[in-house]
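A look at the structure
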Amino acid sequence: VQLQASGGGLVQAGGSLRLSCTASGVTFARYDMVWFRQAPGKEREFVAFISRNGGSTLYADAMKGRFTISRDNAKNTVYLQMNSLKPEDTAVYYCAAGFLVPVTLRREIHGYTYWGQGTLVTVSS
């Protein structure tokens, strides 16, 4: 199983980026997908979750209204649209996949089995 994240880069505060994560070696439509991020010197934190059919989404409070998670099961890809970016959004962003992740674990790292390599997002002030 491979998860390939892409789309990171350098952007000015207030700008936008769209991250993508494409899965291979797994029946993508059977897996819940999530984005986490890890800033330098900090723990990995939950960003957004989407259920396997896209019918349910969750966001960390700091991202609500700015970030949108979506998926295209025909393309085995999950997206994270990030708008109104702030310097504090600077981090490595990771996608992950989990099978039937319980509600209580959807914001937790150990709810997910497969992880991508991460893509760096840098927001300048």
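You'll find the structure just up there.
Residues numbered from 1 in each chain as written. Predicted model: local features only at pLDDT ≥ 70, side-chain atom pairs only at ≥ 80, totals over all residues. Heavy atoms only, no water.

Structural notes on the nonpolar core
Counting residues in each nonpolar core, the largest one holds 38 residues, and the members touching the most others are M33, W35, L80, M82 and Y93. Contributing elements (two or more residues each) for this core: β1 (2-6), β3 (17-24), β4 (31-38), β5 (45-50), β7 (67-72), β8 (77-82), β9 (91-99) and β11 (119-124). Once you skip the residues sitting within four places of it in the chain, M82 turns out to touch G15, S16, L17, L19, R66, F67, Y93 and V121. (Core = buried A, V, L, I, M, F, W, Y, C linked by side-chain atoms within 4.5 Å. Buried < 20%, exposed > 50% of the residue type's maximum accessible area, 1.4 Å probe, protein only. Helix = DSSP H or I, 4+ residues; strand = E, 2+ residues; numbered from the N terminus. Contact = heavy atoms within 4.5 Å.)

Focus on the side chain of R37
With respect to the helices and strands, the residue R37 is situated in strand β4. By relative accessible area, R37 is classed as buried at 6%. Engagement of the side chain of R37 in a polar contact is seen with the side chain of E45, the distance being 2.6 Å. Engagement of the side chain of R37 in a polar contact is seen with the side chain of Y93, the distance being 2.9 Å. Filtering out sequence-adjacent residues up to four positions away, R37 remains in contact with E43, R44, E45, V47, M63, F67, E88, D89, A91, V92 and Y93. (Polar contact = N/O pair within 3.5 Å; in protein donor to acceptor, adjacent residues only side chain to side chain.)

What about the state of the cysteines?
Covalent bonding between the sulfur atoms of two cysteines is what defines a disulfide. Tallying each qualifying case throughout the model produces one disulfide. Paired by a disulfide, C21 and C95 hold their sulfur atoms 2.0 Å apart. An S-S torsion of about 65° defines the bridge between C21 and C95 as right-handed. One end of the pair, C21, is in strand β3; the other, C95, is in strand β9, with 74 residues separating them in the sequence. Among the residues examined, C21 registers a relative accessible area of 0% and is labelled buried. Residue classification places C95 among the buried residues on the basis of a relative accessible area of 0%. (Disulfide = S-S within 2.5 Å.)

Concerning the sheet that holds β8
On the basis of which strands lie adjacent, the open sheet formed by four strands has the order β1-β3-β8-β7 and antiparallel pairing. Two strands in the sheet have a free side with no partner beyond their single neighbour: β1 and β7. Pairs of neighbouring strands in the sheet enclose a mean axial angle of 15°, with direction left out of account. Pairing geometry for β3 and β8, over six bridges, is antiparallel. From the neighbouring strand, L17 faces β8, where its bridge partner is M82. (Pairing = 2+ DSSP bridges. Axes fitted to C-alpha atoms, helices over the stretch in contact; angles between N-to-C directions.)

Quick word on the pattern of salt bridges
Once their charged atoms are close, side chains differing in charge can pair, the charge on each being opposite to the other. On inspection of all chains with the given rule, the structure shows four salt bridges. Its salt-bridge partner being E45, residue R37 comes within 2.6 Å of it at the nearest N-O pair. Note that K64 is salt-bridged to D61, the shortest N-O span being 3.4 Å. Neither K64 nor D61 differs from the other in exposure class; each is exposed. (Salt bridge = Lys/Arg side-chain N within 4 Å of Asp/Glu carboxyl O.)

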